[in-house]
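# Results of the structural survey
For reference, the chains in residue letters:
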Amino acid sequence: MKALIETIVTPLVDFPDEIVVTEKEEEHKITYHLTVNQTDVGKVIGKNGRIAKAIRTIVYAAGSDSKKRIYLDIM
Amino acid sequence: MRQITASGQTIEEAVQSALRQLNTTKDQVTVDVIDEGKKGLFGVFGSKQAIVKVTKNMNPIQQAEAYLKNVTTKMGVEVEIKTTVHNQEIVFELVGEKIAILIGKRGQTLNALQYLLHLVVNKKKDHFYTVVLDAEGYRKRRKETLYSLAERLAEKAIRTRREVSLEPMPSFERKIIHTALQDNNRVETYSDGIDPNRHVVIKP
């Protein structure tokens, strides 16, 4: 899942080396936390969060067969 | 194989070695010099090899196709991608077994992927392409559904003499509704609201 998030985000940003995805597993959910270079924040969030929403949609779809709820935090 | 790191006695040698391995020519790659290397004393002591990173340039369409392949694979779905380019429109068609995951409820996953692909394709501002992502004929099926939905709701608007609001849809789906009802002179259609909540309203 971490690899998926990195794959999605890499071509969108100017500093792909600074993409960091961390994973936090709890009882009923797994939270992924995504950070990028300060100047790239807009490129992963988008106008009215449109890009962020698209990224989440894909990540949640990929996690739909896992038993735990998946969350994606950006920044 | 799109990117390779190679070494050689000189930068030129390293580049040549990389080009051989990538099976391409110099005008189709970008070269990043990681280490210029050193001749060293008498060419023996303290000599360091030159290291270069050579990346094969891809046009935005190939890039987007590779991106799509990568993302779907990491989602755990094996797909075949058929790419067709017509004027300024790129159509990616997905064929595979677990395609339902990629479409999602009312095509939301497919639309999200389509939007990201659009961003990848149009990242450089020197060109503009429209991107359509389709999976197992989903767009065509959806179009038929929207046509019959439009007809049905137009009847309802006429019957009740009230405006009928549809659920929010992306622009290309709203367009289908407008087109479906443009020849129907008993109703008018317009879009209301701001994306992502913009929706079609049918007015008798």
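So, how was this worked out
Residues numbered from 1 in each chain as written. Chains lettered and ligands numbered in written order. Predicted model: local features only at pLDDT ≥ 70, side-chain atom pairs only at ≥ 80, totals over all residues. Heavy atoms only, no water. Helix = DSSP H or I, 4+ residues; strand = E, 2+ residues; numbered from the N terminus. Rg over C-alpha atoms; globule rule 2.2 N^0.38 Å. UniProt positions renumbered as here; feature names shortened; annotations may be inferred. Contact = heavy atoms within 4.5 Å. Buried area = accessible area lost by both parts, 1.4 Å probe. Salt bridge = Lys/Arg side-chain N within 4 Å of Asp/Glu carboxyl O. Polar contact = N/O pair within 3.5 Å; in protein donor to acceptor, adjacent residues only side chain to side chain. Nonpolar A, V, L, I, M, F, W, Y, C, P; charged D, E, K, R; others polar. Buried < 20%, exposed > 50% of the residue type's maximum accessible area, 1.4 Å probe, protein only.

So, on to the overall build of chain A. In terms of helices and strands, chain A carries 3 helices and 3 strands. When the helices and strands of chain A are listed from N to C terminus, the series reads α-β-β-α-α-β. For chain A, the C-alpha radius of gyration of 12 Å lies close to 11 Å, the compact-globule estimate for 75 residues. Along the first, second and third principal axes, the C-alpha atoms of chain A reach 35 × 20 × 15 Å.

Those residues carrying the UniProt feature "domain: R3H" (unreviewed entry) are residues 140-204 of chain B in this numbering. Regarding residues 140-204 of chain B, the helix share stands at 49% and the strand share at 18%, and the terminal C-alpha atoms are separated by 27 Å.

The subject of this paragraph is the interface of chain A and chain B. Contact with chain A, which involves 18 residues of that partner, is made by 17 residues of chain B. Both sides of the chain A and chain B interface together cover about 1600 Å² of buried area, and 75% of this is carbon and sulfur. Summed over the shared surface of chain A and chain B, the number is 1 salt bridge. Residue K123(B) is joined to D14(A) by a salt bridge in which the shortest nitrogen-to-oxygen separation is 3.6 Å. The tally of links from chain A across to chain B stands at 4 residue pairs in polar contact (both at pLDDT 80 or more). Within the residue set of the side of chain A that touches chain B, elements represented by two or more residues are α1 (2-9) and α3 (50-62) of chain A. Residues that form the side of chain A that touches chain B fall into these classes: 12 nonpolar, 3 polar and 3 charged.

All names here are of chain B. Within the secondary structure, Q3 is located in strand β1 (residues 3-8). A residue is classified by how much of its surface remains accessible, and Q3, at 44% relative accessible area, is partly exposed. For the pair formed by Q3 and A64, sequence separation is 61 residues and the distance between their alpha carbons is 16 Å.

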